[in-house]
Amino acid sequence: MKKLFLSLAVVMMTTMAFAEKQTVRLYIPGMECAGCQAKVENVLNHEKGVKSFTITLDERIAEIVYDDEKTNVENLQAALEKYLKFKSMPLRNHGKRCSCECENAGSEHTSCTQEGHNHKH
C-alpha cells in the first residue's frame, strides 16, 4: 500500500512539474467598447486554464496568463470566436515595434496597414 501511495505521489508531482504558466497577448479588433470588453472578460473568466488577464481597451489587447496543461492559444482564440464572433491574433512581443504576423513585423510603424491589422503600437 505504501508503494502504491508513493507511486501516485511521484506521478502527481511529475505531472505538476510539467504544467507551466504561459502568457499570450491577443489583439482583438472587434473589442471596440466597454461592453465588448465585459463580454471578453466573461469568456476568459469561464475558460479552463485561464489564471489571470488584463485588458487594454484602447489598444484592443488582452494579456492572458494560462496553464498550458489545460488550454493553449488556439483554444483561447476559438472561445472568443465561438461565443463572441471576435477574431484575434497573438502578438509576438511587448515592445513598440510591430509584433503581429504582418509584413511589417519588427519594423517601427504606428499602425499595421495589412487588412485586419489596424492596431496602434
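Above this text sits the structure in question.
Residues numbered from 1 in each chain as written. Predicted model: local features only at pLDDT ≥ 70, side-chain atom pairs only at ≥ 80, totals over all residues. Heavy atoms only, no water.

Trainee: Would you mind showing me how to read the pairing of strand β3 (residues 61-67) here?
Mentor: With five of seven residues buried, β3 is to be regarded as a mostly interior element. For strand β1 (residues 21-27) and β3, the ladder comprises seven bridges, and the chain directions are antiparallel. Bridging across to β3, R25 finds its partner in E63. In this sheet, β3 lies alongside strand β2 (residues 50-56) in antiparallel orientation, the contact comprising six bridges. Bridging across to β3, T56 finds its partner in I61. Hairpin connection, β2 to β3: the antiparallel pair is bridged by four residues, and R60 has positive phi, about 60°. (Buried < 20%, exposed > 50% of the residue type's maximum accessible area, 1.4 Å probe, protein only. Helix = DSSP H or I, 4+ residues; strand = E, 2+ residues; numbered from the N terminus. Pairing = 2+ DSSP bridges.)

Trainee: So what exactly am I meant to see when it comes to the environment of A38 here?
Mentor: Tracing the sequence through the fold places A38 in helix α2 (residues 34-45). Classification of A38 as partly exposed rests on a relative accessible area of 39%. In this structure, the C-alpha to C-alpha distance between A38 and I55, residues 17 residues apart in sequence, is 9.8 Å.

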